[in-house]
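Geometric and topological summary
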Amino acid sequence: AAVRAELARRAFPGAALALGIGPRTERLAGMGHVGWRDAAAPVSPDSTMYDLASVTKPVATATAVLLLAQDGVIDLDEPVRKHLPQFEGQFKDRVTWRHLLTHTSGLPGGANIRGEEPRERLRRILRTRISEPPGRYVVYTDLGYVALWAAAERAAGEPLTRFLERRVWRPLGMTHTAFLPGQDCTLCAPTLRLSTGEPYRGRPNDLLARRLGGISGNAGLFSTARDLGRFAAMLANGGELDGVRILQPEMARAMLTQQPGAGRRTLGLVATCPDEERESEQEPCERPVAYVHNGWTGTSLWIEPERKAWAVLLTNRSYDVRARPRMQALREDVFRSVAGLPERRSSSREGEEE
């Protein structure tokens, strides 16, 4: 009902929803269309692929890093430069995988990335300066996850897209999850309109991911509500789903546990606090309500480990914006409903999504 109310307000043309408890998917729903015209394809929770934007970070990048740690290929507390010598500059020899996962590396939130082609742009990102030792502050940064992807790919010894397909997406039956499905992807919900008037689909909305060729650690993964629900169910169920173990229990817990010295950050997600607690990136929640990651295109993944409740909401709210989106309030309403939590206070902040 909450999602349909936003559809009626024309906050986005369509949405897909997956809700569950532990390994069980309790509800799958597709609402509206991928575009504003009635002739646009109706949204299917099984097959409509959405640009996940920053939800790429936990579903792809952080998961790959945790698998490499689980395999003993890397140690989360060793310097990333051990595997990625190109990660150069002052204090960079102290930056660990854990720092990058928790946004405590000292890298800035963004940078003006120059270069004629993706390889040169990546080289410049890896040389981005940090002005103080890692571990002092939490600063949400896309650059850190770009570096994580490059380092993990070196450590894995193969493209991370292949690694993730083999270790995560195929075993979980995530059949509609991929980077760069391409402009011809008729199953993909558009996120922009091209100057020609045609919808832009199947390629990342995120500018940094586009400048890196479309496959990046910070954004660019596409998926469906069903597929992302499979991932959420695996994580809420301790790293296993339908008899298939992806993450060892301790690794799954690490994605659902605030890390020391990292404020509300976990190894891939972020805790959301109760209404009465003041939320600060630098301070942990005393009683976390849930662990979350949102995406600018209108996507979100929420998990509450005590009840094992989880919610996935996918929209393309960036496409031909017709009304000011109220995504954060909507996300909270959806999650609180499935988790059986009290209704959100009207004073709850309208924090912009990552």
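Here, every reference points to the structure presented above.
Quick caveat, the model's predicted, so the values are computed rather than measured.

With respect to the overall build of the protein
From N to C terminus, the protein includes ten helices and 13 strands. Its C-alpha atoms give the protein a radius of gyration of 19 Å, within 12% of the compact-globule value 20 Å for 354 residues. In the protein, which comprises 354 residues, the proportion classed as buried is 57%. Taking the intrachain contacts of the protein between residues at least 6 apart in sequence as the baseline, contacts between residues at least 24 apart amount to 62%. Taken as a whole, the protein presents about 14800 Å² of accessible surface, with 46% of it coming from carbon and sulfur. Both charge centroids of the protein, one from 49 positive and one from 43 negative side chains, sit 3 Å from each other.

Digging into the state of the cysteines
Covalent bonding between the sulfur atoms of two cysteines defines a disulfide. Scanning the entire structure with this criterion turns up two disulfides. Here Cys185 engages in a disulfide with Cys188; their sulfurs sit 2.2 Å apart. An S-S torsion of about 80 degrees defines the bridge between Cys185 and Cys188 as right-handed. Take Cys185 and Cys188: they sit in the same class, and that class is buried. Between the sulfur of Cys273 and that of Cys285 lies a disulfide, 2.0 Å long from S to S. A torsion of -85 degrees about the S-S bond marks the disulfide between Cys273 and Cys285 as left-handed. In this pair, Cys273 is assigned in the loop between strand E10 (270–272) and strand E11 (290–295) and Cys285 in the loop between E10 and E11, connecting sequence segments twelve residues apart. An identical accessibility class is assigned to Cys273 and Cys285; each is buried. Indicated for the protein is the disulfide connectivity 1-2, 3-4, based on numbering the bonded cysteines in sequence order.

Concerning the pairing of E11
A regular strand carries its side chains on alternate faces of the sheet. Counting buried residues in E11 gives six out of six residues, a clear majority hidden from the surface. Here E11 shows two buried faces, one formed by Ala290, Val292 and Asn294 and the other by Tyr291, His293 and Gly295. Relative to E11, E10 runs antiparallel, the two being bridged by three bridges. Its bridge partner lying in E11, Ala271 is registered against Tyr291. Two elements, E11 and strand E12 (residues 299–304), share five bridges in a ladder whose sense is antiparallel. Among the inter-strand pairings, Tyr291 is bridged to a residue of E12, identified as Ile303. Joining the antiparallel neighbours E11 and E12 is a turn of three residues, in which Gly298 adopts a positive phi near 110 degrees.

With respect to the side chain of Thr128
Here Thr128 is to be found in the loop between helix H4 (118–126) and helix H5 (142–156). Sequence-distant contacts of Thr128, defined by excluding residues within four places in its chain, comprise Lys92, Leu107, Pro108 and Leu143.

Overview of the sheet that holds strand E7 (residues 221–223)
Whether parallel or antiparallel, the strands of a sheet pair through hydrogen bonds between backbone atoms. If you trace the three strands from one edge of the open sheet to the other, you get E3-E7-E4, paired in antiparallel fashion. Single-partner strands in this sheet number two, and they are strand E3 (50–51) and strand E4 (178–179). The pairing of E4 with E7 spans two bridges and is classified as antiparallel. Note that in E7 the partner of Phe179 across the bridge is Leu221.

So, the pattern of salt bridges
According to the stated counting rule, one finds 21 salt bridges in the structure shown. Here Asp242 ties to Arg230 by a salt bridge, and the two come within 2.9 Å at their closest N and O atoms. Of this pair, Asp242 sits in the loop between strand E8 (240–241) and strand E9 (244–245) while Arg230 sits in helix H8 (residues 225–236), and the two are twelve residues apart along the sequence. Overall, the relative accessible area of 58% leaves Asp242 in the exposed class. As a salt-bridge pair, Arg245 and Glu240 come within 3.1 Å of each other at their nearest N and O atoms.

Here is what the cut-offs are and how they apply
Residues numbered from 1 in each chain as written. Predicted model: local features only at pLDDT ≥ 70, side-chain atom pairs only at ≥ 80, totals over all residues. Heavy atoms only, no water. Helix = DSSP H or I, 4+ residues; strand = E, 2+ residues; numbered from the N terminus. Rg over C-alpha atoms; globule rule 2.2 N^0.38 Å. Buried < 20%, exposed > 50% of the residue type's maximum accessible area, 1.4 Å probe, protein only. Contact = heavy atoms within 4.5 Å. Areas by Shrake-Rupley, 256 points an atom, 1.4 Å probe, with all protein chains shown as cover. Lys, Arg positive; Asp, Glu negative; His and termini not counted. Charge placed at Lys NZ, Arg CZ, Asp CG, Glu CD. Disulfide = S-S within 2.5 Å. Pairing = 2+ DSSP bridges. Salt bridge = Lys/Arg side-chain N within 4 Å of Asp/Glu carboxyl O.

That's the geometry; what it means functionally is another story.
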